[in-house]
Amino acid sequence: MKTSFALLSAASVFALSAAMAGDIRGTVVADGGVPLRGAEVTVQDTGRKATTERDGSFSITGLPAGTYQLAVTYVGSPEQIMTVTVPSTGTVDADFRVSGDTVVVIGQRAAIDSALAQQRAADGIVTVLSADAIGQLPDENVAEAARRALGVSIANDQGEGRFISIRGINSQLNSTSVNGVRLTSPEANDRRVALDVIDADILKNITISKTLQADMDADAIGGAINLETVSGLDREDRLVKLKIGGIYENELDELGPEIAGTYIDNFMDGRLGLALSGNYQSREFASDNKEVDGSWDFDAAVPYPLEEIELRNYDIERERLNLSANIDYMLTQETRIYVNGIYNEFSDQEFRSRVEMKIEDTLGEDQNEELPGLSFDGTTAIYTPGIDYMFINDDGELEEATTELEFDRDIKDRLEEQTIFSIVGGFEHESGPWTIDGSLAYTSAEEEEPNRIDANFDQTFDEPGFAVGADTSNFITDYVFVDAAAEAAYLDASGYDLDNVEFTNGKTEDDELAITFNTQRDMEFFSNPGFLKSGVKVRLREKSYDLDFEAYDHDGDATLADFETSVDFPLDLFGPAPSASAVRSFFNANRNDSDVFVFDEVGSLEESGVSSFDAEEDVYAGYVMGQVDIDDLRITAGVRVEHTEIEATGNVFNEGTEALSSVPFDDSYTDVLGSIAARWAVREDTNIRASYYGSIVRPNFGQFVPAGTTNDDGELEAGNPELERTKAHNFDLLAEYYPSASSVLQAGVFYKTIDNFIAAGFTENPGVFNDLSAPGGFNTFINLDDGYIFGVELGYQQALDFLPYGLDGLLVGANYTYADSEAELEDGTEVQIPGQSEHIFNALLGYEKGRVNLRAAYSFKAENIDDVSVDGFSDGRVVQDQSFLDFSAKFEVYPGTRVYFDAKNILDTELRVSDRSNGVDRLNQFEDYGQTFQFGVQFTY
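The structure contained in this document is the topic of the report that follows. (Residues numbered from 1 in each chain as written. Predicted model: local features only at pLDDT ≥ 70, side-chain atom pairs only at ≥ 80, totals over all residues. Heavy atoms only, no water.)

A short note on the overall build of the protein chain
Then, in step 1: When helices and strands are counted, the protein chain shows nine helices and 60 strands.
Then, in step 2: The burial tally for the protein chain puts 56% of its 941 residues in the buried class.
Then, in step 3: A fraction of 71% describes how many contacts in the protein chain between residues 6 or more apart in sequence connect residues 24 or more apart.
Then, in step 4: Only carbon and sulfur atoms are counted for the fraction: they give 51% of the accessible area of the protein chain, which is about 36,700 Å². (Helix = DSSP H or I, 4+ residues; strand = E, 2+ residues; numbered from the N terminus. Buried < 20%, exposed > 50% of the residue type's maximum accessible area, 1.4 Å probe, protein only. Contact = heavy atoms within 4.5 Å. Areas by Shrake-Rupley, 256 points an atom, 1.4 Å probe, with all protein chains shown as cover.)

Right, here's the structure in full:
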């Protein structure tokens, strides 16, 4: 590997060509000093091109002495021409100020212009959302803001967007960065970052790269998401923004505060830039949930649940604190140094009340077709306890048993605290045709669950005269009580004994140190301008999860009546629930009293051991790439090498011996990944882009760490250290047409071949996973056989400023993505790739005229398979279609002051997840969130 990196690092030196002469440096800004990012500057005499950076700057190096015509184009403005004379040595300044009514620097028009300019100038296929666009809708976090983009959808959790899906592809196949620095994950078993942690108010841009180049990290198949915070060099003058508002939740009838502020300024004649941004938000909300835990029997005349039906009520207090600080300093005209930092704090105090109807023991043991405790009344499955029956046990003997029906009522009292901290320092230096840059970045993510309490109260019915049904005539599957006595027993809190309490302290730490260095040499290839670039990157990552789990069996006489409270649950008859505060007080007072609580040493050892792990993952990468402009054709090609080294230690618990064993694991592999992209400017208003890139996605830590439990039958439920990384070959073709200012039409196709896709599964292979023997087979994660994703993208957006007065403030946009996917299971069954949605549609309608700013957005995501079936009872777990409609209104009271009102989830969309078999859907999960309203005032100075 050292030889390979030496060769890659030496590529820049090898790129030397004949010495060139002078340089052109300058800026492109609009009236008011707002830098125009994404403007294209062309030396008309030579065809050399440059694209302006976030501060509006550009440079064109190595031009022979002489006089040249410079042309500047920017979306929404006419071309501007400037004549410059380049000296034989040295630099000439060329500063453009784009003025006139055609350039809009605030509002929705500016958001469209800025995003389109950056997309149009990009070498690959990207989608950009600017800060103004992000702020136009009631998006509470980054995930919700991103879903407005072409081909983007989100996965919701408790009513908020959480994970971003690009082109319907599983969110596990994306990467996430802030200011180019990869984020680590605060969640124990995951790599992906839940973007509900980060508030949208602190951002400058969200850039979604759907294609990768050699100078980008290679571990993304869906795409790479980069969040860019504001910079002090983004403007020529000071900017101060303040937002004060409230968030109203209709489910709980609660109002919470929100405050956000931004300060941007520069000093020392524009050489020192400072940008500070922050947001604080607090809200209380609720969600009502119903689930079937386990499988359905789809073969019965009336399909029925086989294990449990759960009612869940969530009350949540959520707080966010987001801070960002950027310092940029122009040490010289050619050298910039910078320090960027973000800090995000997210906390959830969750109180979950749950009722579980455990029906498995009413069906009998080993009865085959005979189900002694089950009967039907129309579409209602009736579960009856207290029925005596005979069955043949494992020893072949006839044994007597009685059907039982158990109800559990429990409370989860959990505080979850997540933090993400990232800081990066670096430099950029230009010297003639050379550009070098480097950075040192540190990212830390943590999650803590301090002093979590789960308490369970249960009641078992094993006498005749009590029966409960499950009405399967509607999707949410209602509880049905056969008589008043059964309902009264169900609702009687004194009948539920305190069974056990679990006390948990868990902490995840995920830290990464990253070092990068890049060199670029501008040069000509047979009189065609271009560059050669190379670089190296080292990412050193450590991740661990430490769980201290204590289980206590209750040995006293306390019942639910001693802790009783109630919850509002419109989905079904819930009944009494435990009070979280009362349970916590009782546990703290009696925890060390052995007459009340008996410590479960074995169960505590198992859960603590198999959940805890330590892992190190080091990635050493190097690349070389080049770019050339041949008239109107730009070609960018390169190769990237990534070498990965992994060390991890997990624990396996043997139920038979009640022993915990530490299991080490190590692995290393190298990937060589190529990429090539072409952008052809067919006409001034038309681009055609084509690209190929190879990429990988490494297994999640929870998927490959060898930790789990071996049961008495020799079955091992654990991570799979033999998992292969997922690999992909990615092909894209996109046509863009810009018929007028602030408008674009896009049409494209993409195709991905995916090897070794990872899914939960069972394998009967009695082999050994790194010395982990499992003669009964493995419940683990497996690599699926080869699969593919094929898709089509269509996009349109435009400012309708050509309409008559009054209507010329309209803005419209729509995009649609179709994706077809397929993967093969171990048994040869072909399935849709888990997480892949076939259809995604987004539509925007805006109006901006005078003091009025309105915007409505509609998002649709088609169903997707969440998990493939591994038990043979169903086709899989399916997340059904979801549609969201949001609205935002802003009115300028006087210059610099606006009031706003936002409405989120106007359609009151619910989460519906089903178990499906032969096209029939049955309840797996149903959740209702309600609507959210935001209002307040914004000040801009």
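Now that the structure has been shown, we can carry on.
As for empty space enclosed by the protein
Then, in step 1: Scanning all chains against the criterion turns up eight cavities of 30 Å³ or more.
Then, in step 2: Roughly 190 Å³ of internal volume is contained in the second largest cavity.
Then, in step 3: Along its surface, the second largest cavity is lined by 15 residues, and N174, S175, R182, R191 and D219 are the ones closest to its centre.
Then, in step 4: For the lining of the second largest cavity, the secondary-structure elements that each account for two or more residues are strand 13 (174-178) and strand 33 (528-554).
Then, in step 5: Broken down by element, the lining of the second largest cavity gets its largest block of residues, three residues, from strand 13.
Then, in step 6: The class makeup of the residues in the lining of the second largest cavity is three nonpolar, four polar and eight charged. (1 Å grid on protein atoms, 1.4 Å probe; cavity = no way out; pocket = protein on both sides within 12 Å on 5 of 7 lines; lining within 4 Å. Points joined across faces, edges and corners; volume = space filled by probe spheres on them. Nonpolar A, V, L, I, M, F, W, Y, C, P; charged D, E, K, R; others polar.)

Topic: the packing of aromatic side chains
Then, in step 1: Under the defined criterion, the tally for this structure stands at 25 aromatic pairs.
Then, in step 2: Measuring from centroid to centroid gives 5.3 Å for F563 and F586, while their planes differ by 75 degrees, and the two rings are edge-to-face. With F563 in the loop between strand 33 and strand 34 (564-565) and F586 in helix 7 (residues 580-590), this residue pair connects regions lying 23 residues apart in the sequence.
Then, in step 3: The rings of F457, F503, Y552, F563, F586, F587, F597 and F599 are connected pair by pair, giving a single aromatic cluster.
Then, in step 4: The cationic tip of R409 hangs over the ring face of Y490; the distance from NZ or CZ to the ring centre is 4.6 Å. (Phe/Tyr/Trp six-rings, centres within 6.5 Å; stacked < 30°, edge-to-face > 60°. Lys NZ or Arg CZ within 6 Å of the ring centre and 35° of its normal.)

As for the sheet that holds strand 30 (residues 468-471)
Then, in step 1: Across the sheet, four strands lie side by side as 24-25-30-31; this open sheet has antiparallel pairing. In this open sheet, the two strands that pair with only one neighbour each are strand 24 (374-377) and strand 31 (478-481). Averaged over all pairs of adjacent strands, the angle between strand axes in this sheet comes to 30 degrees, irrespective of strand direction.
Then, in step 2: The pairing of strand 24 with strand 25 (residues 380-383) spans four bridges and is antiparallel. Within strand 25, the position partnered with S375 by the bridge is I382. (Pairing = 2+ DSSP bridges. Axes fitted to C-alpha atoms, helices over the stretch in contact; angles between N-to-C directions.)

Let's talk about the side chain of S695
Then, in step 1: Position of S695 relative to the elements: it lies in strand 40 (residues 686-697).
Then, in step 2: At a separation of 2.9 Å, a polar atom in the side chain of S695 contacts the main-chain carbonyl oxygen of A220.
Then, in step 3: With residues near it in sequence (within four places) discarded, S695 still touches L212, A218, A220, I221, L673, T726, K727, A728 and N730. (Polar contact = N/O pair within 3.5 Å; in protein donor to acceptor, adjacent residues only side chain to side chain.)

Details of the pattern of salt bridges
Then, in step 1: By the definition in use, this model includes 54 salt bridges.
Then, in step 2: For D921, the salt bridge goes to R916, with nearest N and O atoms at 2.7 Å.
Then, in step 3: Judged by its relative accessible area of 27%, D921 falls in the partly exposed class.
Then, in step 4: Counted as one network, the salt bridges with shared partners bring together R182, D217, D219, E512, K537, R539, R640, E642 and R698. (Salt bridge = Lys/Arg side-chain N within 4 Å of Asp/Glu carboxyl O.)

What about the side chain of T516?
Then, in step 1: Turning to its location among the elements, T516 is positioned in strand 32 (residues 497-525).
Then, in step 2: Assessed through its relative accessible area of 17%, T516 is described here as buried.
Then, in step 3: Of note is the side chain of T516, whose polar atom sits 2.6 Å from the side chain of S439.

Thoughts on helix 8 (residues 601-611)
Spacing of three or four residues puts side chains on the same side of an α-helix, whose turn is 3.6 residues.
Then, in step 1: The complete set of buried residues in helix 8 reads S604, S608, G609, V610 and S611.
Then, in step 2: For helix 8, the elements touching its buried residues are strand 33, strand 36 (597-600), strand 37 (613-630), strand 38 (633-654), strand 39 (659-683) and strand 41 (708-710).
Then, in step 3: For helix 8, the N-terminal capping position is held by D600, with its side-chain oxygen 3.5 Å away from the main-chain nitrogen of V602.

Details of the nonpolar core
Then, in step 1: Grouped together as the largest cluster of nonpolar side chains are 50 residues, with contacts concentrated most on M357, Y383, L405, F407, F457, Y479 and Y490.
Then, in step 2: In terms of residues, this core owes the most to one element, strand 29 (residues 434-461), which gives four residues.
Then, in step 3: Excluding residues that lie within four positions of it along the chain, Y490 makes contacts with L311, V355, F407, R409, F466, Y479, F481, Y496, L573 and F574.
Then, in step 4: Core analysis: the second largest hydrophobic core is formed by 22 residues, I24, V43, Y74 and F96 among them. (Core = buried A, V, L, I, M, F, W, Y, C linked by side-chain atoms within 4.5 Å.)

What about unusual backbone geometry?
Then, in step 1: Of note in this structure, N179 is not a glycine but carries a positive phi near 50 degrees.
Then, in step 2: Mapped onto the secondary structure, N179 falls in the loop between strand 13 and strand 14 (181-182).
Then, in step 3: With a phi angle near 60 degrees, N905 is a residue other than glycine that sits in the positive phi range.
Then, in step 4: Examined against the element boundaries, N905 turns out to sit in the loop between strand 57 (897-904) and strand 58 (911-917).

Functional significance is not addressed by these values, which are geometric in nature.
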